[in-house]
Amino acid sequence: RPTNPYRFLCIFGFVDTSMPSVFSQITVQDPSKEHVKLGYDLDKMTFDTADGSVSDAVWRVLSYTILLSQRPDQAARLYEAHVSDDTKTVNSILEEYRLETSLTLYKHVQRTLEEFAGLEYPENGNMVESIRQCNDLVFNTFVKVQERLKVGIMKEMKKRKSTVSQ
């Protein structure tokens, strides 16, 4: 199922606004075999267009990438748990670092939305309306993701604050 409305537009000449998900625009430069095993595949690195939910592949790959630079021991633990189908450990690690991953993802979404805000369209042209529809689909999806992340970040901060004060 296609996740890149721009590619779809180029190939077919119109935008499928019923796409269930769109590409998150998160890429890993020179992905390792670990990134790939954790789900790094551009077709899986998606956001849901209906509710702005973030795919498991995005969570795992982004968490792994963050941990690799900050806590390599935890990155290795996440990877090992994933390849051995230890979902309990995977979920535990993802949950433990949910705030850090959410904040990183939020910054990515914010930057992307700012780029969309600066777009200008020509007055006329064959594909202007289709391009605008395509951009609207992606923009609106990213807004939903941003709203979900805001709620999640607030929950995580509240949880951490209550843990610290205990």
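Before any of the text, the structure's been laid out above.
**What about the environment of Ala75?**
Thought 1: Locating Ala75 in the fold gives a position in helix α4 (residues 72-83).
Thought 2: The residues touching Ala75, leaving out its near neighbours within four places in the chain, are Tyr64, Leu67 and Leu68.

**Side note on the packing of aromatic side chains**
Thought 1: For the coordinates displayed, the defined rule picks out two aromatic pairs.
Thought 2: Over the face of the ring belonging to Trp59 we find Arg98, whose NZ or CZ atom lies 4.8 Å from the ring centre.

**A word on the side chain of Thr101**
Thought 1: Mapped onto the elements, Thr101 comes out in helix α6 (residues 98-117).
Thought 2: Aside from chain neighbours lying at most four places away, what touches Thr101 is Trp59, Leu62, Ser63 and Ile66.

**Examining the environment of Thr141**
Thought 1: Mapped onto the elements, Thr141 comes out in helix α7 (residues 128-165).
Thought 2: Residues Thr141 and Gln70, 71 residues apart in the sequence, show an inter-C-alpha distance of 30 Å.
Thought 3: Ignoring anything within four residues of it in the chain, the contact list for Thr141 reads Val22, Phe47, Asp48, Thr49 and Gly52.
Thought 4: A polar atom in the side chain of Thr141 sits 2.8 Å from the backbone oxygen of Leu137.

**Some details on helix α3 (residues 56-70)**
Thought 1: With 15 residues, α3 ought to run about 21 Å at 1.5 Å a step, and its terminal C-alpha atoms sit 21 Å apart, in line with that.
Thought 2: Residues of α3 that are buried: Ala57, Val58, Trp59, Arg60, Val61, Leu62, Ser63, Tyr64, Ile66 and Leu67.

Reading guide: rules and limits
Residues numbered from 1 in each chain as written. Predicted model: local features only at pLDDT ≥ 70, side-chain atom pairs only at ≥ 80, totals over all residues. Heavy atoms only, no water. Helix = DSSP H or I, 4+ residues; strand = E, 2+ residues; numbered from the N terminus. Contact = heavy atoms within 4.5 Å. Phe/Tyr/Trp six-rings, centres within 6.5 Å; stacked < 30°, edge-to-face > 60°. Lys NZ or Arg CZ within 6 Å of the ring centre and 35° of its normal. Polar contact = N/O pair within 3.5 Å; in protein donor to acceptor, adjacent residues only side chain to side chain. Expected span 1.5 Å × (residues − 1). Buried < 20%, exposed > 50% of the residue type's maximum accessible area, 1.4 Å probe, protein only.

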